[in-house]
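Remarks on the overall topology
Take a look at the letters that make up each chain.
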Amino acid sequence: MNELEIIAEEVRRCRRCSLHKTRKNPVPGEGAEDAEIMFVGEAPGRNEDEQGKPFVGAAGEFLTELISMIGMTRDEVFITNVVKCRPPHNRDPKPEEIEACSPFLDRQIKAISPRIIVSLGRHSTSYLFRKAGLEFRSIGAVRGRIVEVEILGLSVKLLPTYHPAASLYNPAVRSKIVEDLLKLRREGTDLTKYL
Ligand code: URA
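The paragraphs below set out a description of the structure included in this document.

**Considering the environment of Glu9**
- Within the secondary structure, Glu9 is located in helix α1 (residues 3–13).
- Spatially, the C-alpha atom of Glu9 lies 20 Å from that of Ala35, the residues being 26 residues apart in sequence.

The following block contains the structure:
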């Protein structure tokens, strides 16, 4: 078993917070062990909880489109969430749930050592900004700008954007996410092979 599989096994057995009582399936995340890009969302929703996989509902369809827009496939990147179990009725994760669960995300980041992390929405952005020692005010203020940070001892480019679910009924948010993600086509050098 590699480190990511070990983490996934621990997530499946986890009882560190009360979300384990209401979840159907924990959702550790999935993708490539050597992914250059990691996408970090908030927490599983209904579909993800049913299937044990991240971003498989309507927001996930849009995320899959965004990934192909930058010339990649879901299995070339790594997709996960800050919180690995569904909060009841899709409420926001509580600080103590983020606190209990985020060591799994930290270990995933260290194991993968991605070049780029795309944080989807305010929860993952605020968590990763904190890890990087940056002040987070609002997603609107920071979205779409790539910041070079040090997280967990790794040099990473962090690209915050809105959560894909926020775009489902809001075309303006949708085009902002597209605009933000297109920066990955222009940014860096080794992504050019996907163009
Ligand atoms: N929203 C998220 O933040 N994560 C998922 O996995 C699905 C929807």
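**Points about the packing of α1 against helix α5 (residues 95–112)**
- Where α1 contacts α5, the axes come no closer than 9 Å and their chain directions differ by 170 degrees. As far as their axial angle goes, α5 and α1 are roughly antiparallel. Listed contacts from α5 to Glu3, Leu4, Ile6, Ile7, Glu10 and Val11 of α1 are Phe104, Arg107, Gln108, Ala111 and Ile112.
- Counted by class, the contact of α1 with α5 contains seven nonpolar, one polar and three charged residues.

**Topic: the sheet that holds strand β2 (residues 37–41)**
- The sheet built from six strands is open, its strands ordered β1-β3-β2-β4-β6-β5 with mixed pairing. Each having just a single partner strand, β1 (30–31) and β5 (147–151) make up the two edges of the open sheet.
- Judged from the five bridges that link them, β5 and strand β6 (residues 154–161) form a sheet pairing that is antiparallel. Counterpart to Ile151 in the pairing with β6 is Leu154.

**Looking at α1**
- Turning to α1, its buried residues are Leu4, Ile7, Ala8 and Val11. Take α1 and look down its axis: the buried residues cluster within an arc of 100 degrees, on one side only.
- In this structure, the buried side of α1 is in contact with β3 (78–81) and α5.
- N-cap assignment for α1: the residue whose side-chain oxygen lies 3.0 Å from the backbone N of Leu4 is Asn2.

Rules behind the numbers
Residues numbered from 1 in each chain as written. Predicted model: local features only at pLDDT ≥ 70, side-chain atom pairs only at ≥ 80, totals over all residues. Heavy atoms only, no water. Helix = DSSP H or I, 4+ residues; strand = E, 2+ residues; numbered from the N terminus. Axes fitted to C-alpha atoms, helices over the stretch in contact; angles between N-to-C directions. Parallel < 35°, antiparallel > 145°, perpendicular 65-115°, else oblique. Contact = heavy atoms within 4.5 Å. Nonpolar A, V, L, I, M, F, W, Y, C, P; charged D, E, K, R; others polar. Pairing = 2+ DSSP bridges. Buried < 20%, exposed > 50% of the residue type's maximum accessible area, 1.4 Å probe, protein only. Arc of directions from axis to C-beta. Polar contact = N/O pair within 3.5 Å; in protein donor to acceptor, adjacent residues only side chain to side chain.

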